[in-house]
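Descriptive analysis of the structure
So the chains spell out like this:
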Amino acid sequence: NGHITYSGANSFMERTLDFFGMTLGDASPVYDNIRYDRSTGQAPQYPLKGTIRSSNRGNFCDFPDMRWGSVLGRNAENSSFVIEMPFKHSMAKLIIEASRQDVSPLEDVKITHIDFESYPEGILDIETGQVSPSGSRQTFLLYDNTGNAVVGVDPVKLVEECLVLPYRPAENNNQALRIR
């Protein structure tokens, strides 16, 4: 939603540059928390920390609405004074709704618990946009239906919407969802 403007002459100086950006979706400054040590050759990283929240049905870990973007290979020939950078959402939105597919009164369907195993912290690789979990994996009780309410035909939202780390099967199933 913002622009970085440079009013001087084009200063690529015969170089080709890559641009990366991120935002937390609000006015929070991000540059103070970026980790970067040029001597290691490692890409800049941004630590992410979720906020533990409670609802009347359970608890969950909610992350900021972080977005990431990149514009690669810019130089004096292919760039003007404004470089547009599209941003993509980096987190996953978790929404859980339940409903029955039939209206048969023969059997009640009840959901008593929904557990979500995930990480309350992560690290954004600023060059690739990949978010990796960090810290200790925790189990969050998203839904505790002590009243054993019956699931009907109409969809019912069971948990508060929250933003979680993206699911990546290649990372040893970094998240697990259990519905009982």
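Placed above this text is the structure.
For the structure given in this document, a descriptive report is provided here. (Residues numbered from 1 in each chain as written. Predicted model: local features only at pLDDT ≥ 70, side-chain atom pairs only at ≥ 80, totals over all residues. Heavy atoms only, no water.)

Looking at the sheet that holds strand E9 (residues 113–118)
For clarity, the threshold we go by: Criterion used throughout: strands pair if DSSP finds at least two bridges between them. Secondary structure follows DSSP: runs of H or I at least 4 residues long count as helices, runs of E at least 2 residues long count as strands, and numbering of each begins at the N terminus. Geometry is summarised by axes, namely lines fitted to C-alpha atoms with helices restricted to the contacting stretch, and by angles between N-to-C directions that run from 0 to 180 degrees.
Strand order in the open sheet formed by 3 strands is E12-E9-E15, with antiparallel pairing between adjacent strands. Among the strands making up the open sheet, the edge pair consists of strand E12 (138–144) and strand E15 (176–179). The mean angle between the axes of side-by-side strands here comes to 15°, regardless of whether they run parallel or antiparallel.

Digging into the environment of valine 109
What counts is decided by this rule: Only protein chains enter the accessibility calculation, which uses a 1.4 Å probe; a residue whose area is less than 20% of its type maximum is buried, one above 50% is exposed, and one in between is partly exposed.
Residue placement: valine 109 occurs in the loop between strand E8 (97–98) and E9. Relative accessible area serves as the criterion here: at 34%, valine 109 is assigned to the partly exposed category. For the pair formed by valine 109 and valine 151, sequence separation is 42 residues and the distance between their alpha carbons is 5.5 Å.

Regarding the pattern of salt bridges
Heads up, the rule is: For this document, the term salt bridge refers to a Lys or Arg side-chain nitrogen within 4 Å of an Asp or Glu carboxyl oxygen.
In the structure shown here, the tally under the stated rule is 5 salt bridges. Note that lysine 49 is salt-bridged to glutamate 121, the shortest N-O span being 3.3 Å. With lysine 49 in strand E2 (residues 45–49) and glutamate 121 in strand E10 (residues 121–125), this pair connects stretches of sequence that are 72 residues apart. Between glutamate 117 and arginine 137 there is a salt bridge whose closest N-O contact spans 2.6 Å. Of this pair, glutamate 117 sits in strand E9 while arginine 137 sits in the loop between strand E11 (131–134) and E12, placing them 20 residues apart in sequence. Since its relative accessible area comes to 18%, glutamate 117 is described here as buried.

Quick word on the environment of serine 118
Among the structural elements, serine 118 can be located in strand E9. Judged by relative accessible area, serine 118 falls into the buried class, the value being 3%. Measuring from C-alpha to C-alpha, the distance between serine 118 and tyrosine 167 comes to 9.4 Å, with 49 residues separating the pair along the chain.

Section: the sheet that holds E2
Remark on secondary structure: sheet strands pair via backbone hydrogen bonds, oriented parallel or antiparallel. Taken in spatial order, the 3 strands line up as E2-E10-E11 in an open sheet, and their pairing is antiparallel. Of all strands in the sheet, those bounded by a partner on one side alone are E2 and E11. Pairwise comparison of adjacent strand axes, ignoring direction, gives a mean angle of 30° for this sheet. Bridge analysis of E2 against E10 gives 5 bridges, and the strand direction is antiparallel. Note on E10: the bridge partner recorded for tyrosine 46 is leucine 124.

Quick look at the pairing of E9
Burial of E9 is extensive: 5 of the 6 residues sit out of reach of the surface. Bridge count between E9 and E12: 6 bridges; the pairing is antiparallel. The residue bridging isoleucine 114 from the neighbouring strand is tyrosine 143, located in E12.

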